[in-house]
Amino acid sequence: MDTTLLRSGVIVDGLGGPAFPGHVLLRGDRIDAVLREGDTTPEAARHVDATGCVIAPGFIDMHSHADWQLPLDDHPELLSSMLEQGVTTVVGGNCGISPAPLRRETLGRLHDFASIARDRPFEYAWESFAEYLEQMGKGKPALNLAELVGHSTLRYAGSDAARGPMPREDLSNCLDRLRQSVEEGACGLSFGLGYDPGMYSPVEELQAFCQVAAEADATATVHLKAYSRISPCYPVTTPEAHNVRALREMLEVARQTGVRLQLSHFIFVGRRSWPSVEACLELVDGARRNGLDIMIDAFPYTCGNTTIHAPFPYWFLAALPGAYRSRLARMRLRVELELGFRLAGFIYSDFQVMDAGVEGWEELNGLTIAEIARKWKTSPFDAMLTLAERSKGATTMLFHSYSGEPQNQHALETVLGHEACLFETDVIVKSGGHPNPAALGTFPRILGPLVRDRRLFDLETAVHRMTGASAGRFGISDRGVLASGKAADVVVFDAAQICDTPPEGKQPAGRSRGIEHVFINGAHAVKAGVYQSGVRAGHVIRT
Ligand SMILES: [Zn+2]
């Protein structure tokens, strides 16, 4: 009898209702029963004492890039901090890039784009979305994977047009592949409109993709064109703040197509965008009041990961690598960049190296561009360019001043506290370097410092948004809730102890505390706080 009884805990079932004392019985890979205190406790082969702890559904990281780590055979070690913080399911394929579907002739373009998200290259042993999901299942993933199909990936597969408007037949080819991917199990469509090629896609193209998603009842997640007051995606002369403009444009696409929209990483990048948080949430609320199905998601830190190339204008990137050595190009870039930083509200000490990506330069990991400039006795601009040139743009960075800073988290807390906000990590996980704190502490930080200590919202609401509400967003019907017959993804945590270990000075983020047990499809992946790396019990979720 393959049964485990989680005994005498406080049950928070993921539906948002009040917690109650009780027990949960797991049988094989399913939840057999959720019992109230006082009900007769059934026999079980194994017992886990949950006294003093909360029993909740496994957390869903609803905006993940772990699909770029899962094909690696050592991914259970790379992604251990996900299970250690209670995550059992990741929604991959975000920001326009999924590893499928693909076409061999244009695979190079997808592969280049994906360098931002992956730790190292792997073999693409698939072409269609169905083949990809089948391969992922065979690889015994450590986490459950639900996968979106990316707009950029579809463009690479369906068209030879590098960017900008596509010929009509290419567009219909892309849309056919979108329909097929959704039929084959993709849980939705994702856009990465802040990156090439998405940033050059005309609004008619976005509408056409969203129309197909709406007809297929698939959610569209969107990395908007801009998150800061000024961005490389619109002309400097645009009168409206770029982040507000980008949001309005996408809400209009949702209005015209009726697509269910998930606004990804609802962040305010650079100090001068912070005051627009209320106006942006009001736009979202207005659209919701008008009947549109729109939600947002966010991570609980004031930094996010990207590449060193992210702030560079397109004309400079298009002229690489020669532009690094051109005095004229460097002069123009310096003026534009430093003006842009001033208008957006960035300073060079906001840019921290995660992984320098240059052999022998590991000592730079964790330092800010301002610190590297002091170390090299050069200007921050020259330091940034030297690093970008030597790494060929592969340096991964943590950008700070996202929705606040440690001493001012008003914008961040306003977003996280919004009723339509779900939770995500959005992390790029690397085997080396200075980690994004969200990779280690997202869910414990919300449950501890923000819910228990700051009382931003109650525990039941927090768990609901981490589980049932996120599952519902993507039509994942058998997870995210503690109920008889659902998949046995369960987290047992100590609500009094749970917290992240945020970075301090040069010390990177550490392991979170308070997650006692994690079950994934009934397998015991975190046992008394210890990660069991041999457990590879994840399922591929086809919706
Ligand atoms: Zn993104």
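What counts, and at which threshold
Residues numbered from 1 in each chain as written. Predicted model: local features only at pLDDT ≥ 70, side-chain atom pairs only at ≥ 80, totals over all residues. Heavy atoms only, no water. Donors = N, O, S within 2.8 Å, 3.2 Å for Na, K, Ca; no water. Helix = DSSP H or I, 4+ residues; strand = E, 2+ residues; numbered from the N terminus. Buried < 20%, exposed > 50% of the residue type's maximum accessible area, 1.4 Å probe, protein only. Pairing = 2+ DSSP bridges. Arc of directions from axis to C-beta. Contact = heavy atoms within 4.5 Å. Salt bridge = Lys/Arg side-chain N within 4 Å of Asp/Glu carboxyl O. Polar contact = N/O pair within 3.5 Å; in protein donor to acceptor, adjacent residues only side chain to side chain.

A.B. asks: Help me understand the coordination of the zinc ion in this model?
C.D. replies: Six octahedral donors around a metal ideally make angles of 90 or 180 degrees; four tetrahedral donors ideally make 109.5 degrees. Around the zinc ion, the protein contributes the donor atoms Cys-95 (SG), His-223 (ND1) and His-265 (NE2), at 2.0 to 2.2 Å from the metal centre. On the primary sequence, the residues serving as donors to the zinc ion are separated as C-x127-H-x41-H. Taken together, the positions of Cys-95 in the loop between strand E7 (87–92) and helix H3 (107–113) and His-265 in the loop between strand E12 (261–263) and helix H9 (277–289) put the pair 170 residues apart, joining distant regions of the chain. Looking at Cys-95, the relative accessible area reads 4%, which means it is buried. Take His-265: its relative accessible area is 2%, and that puts it in the buried class.

A.B. asks: Looking at this structure, I do not really get helix H16 (residues 459–466). What am I missing?
C.D. replies: An α-helical turn contains 3.6 residues, so any two residues separated by three or four positions project in the same direction. For H16, a buried count of 6 out of 8 residues is recorded, marking the element as mostly surrounded by other parts of the structure. Listed as buried for H16 are Leu-459, Glu-460, Ala-462, Val-463, Arg-465 and Met-466.

A.B. asks: Would you take a moment to explain the sheet that holds strand E17 (residues 421–423) for this structure?
C.D. replies: Hydrogen bonds along the backbone pair up the strands of a sheet, which may run parallel or antiparallel. Sheet architecture is open: 6 strands sit in the order E9-E10-E11-E12-E13-E17, paired in parallel fashion. The sheet terminates laterally at strand E9 (149–150) and E17, the two strands that pair on one side only. With 3 bridges connecting them, E12 and strand E13 (residues 294–298) associate as parallel partners. Paired with Gln-262 across the two strands is Met-295, which belongs to E13.

A.B. asks: Any chance you could explain helix H4 (residues 129–138) here in plain terms?
C.D. replies: Turning to H4, its buried residues number three or more, namely Phe-129, Tyr-132, Leu-133 and Met-136. The buried residues of H4 all sit within an arc of 95° when viewed along its axis, so they share a single face. Where H4 is buried, its residues meet strand E8 (144–147), E9, helix H6 (168–183) and strand E24 (540–541). Just past H4, the residue Lys-140 takes up positive phi, approximately 50°.

A.B. asks: Is there a simple way to think about the pattern of salt bridges in this case?
C.D. replies: Counted by the stated rule, this structure contains 35 salt bridges. The residue Lys-138 makes a salt bridge to Glu-134 at a minimum N-O spacing of 3.6 Å. On the criterion of helical spacing, the pair formed by Lys-138 and Glu-134 is a turn pair, its members being 4 residues apart in helix H4. Assessed through its relative accessible area of 57%, Lys-138 is described here as exposed. With a relative accessible area of 45%, Glu-134 lands in the partly exposed category. Residues joined by salt bridges that share partners form a network here, namely Asp-29, Arg-30, Asp-478, Arg-479 and Asp-489.

A.B. asks: How should I be thinking about the side chain of Ser-159 in this particular structure?
C.D. replies: Positionally, Ser-159 belongs in the loop between helix H5 (151–158) and H6. Residue Ser-159 is classed as buried on the basis of its relative accessible area of 1%. Reaching out from Ser-159, the side chain makes a polar contact with the backbone nitrogen of Ala-161 at a distance of 3.0 Å. Reaching out from Ser-159, the side chain makes a polar contact with the side chain of Asp-170 at a distance of 2.7 Å. Excluding anything up to four places from it in sequence, Ser-159 contacts Arg-103, Thr-106, Arg-109, Met-166, Asp-170 and Cys-174.

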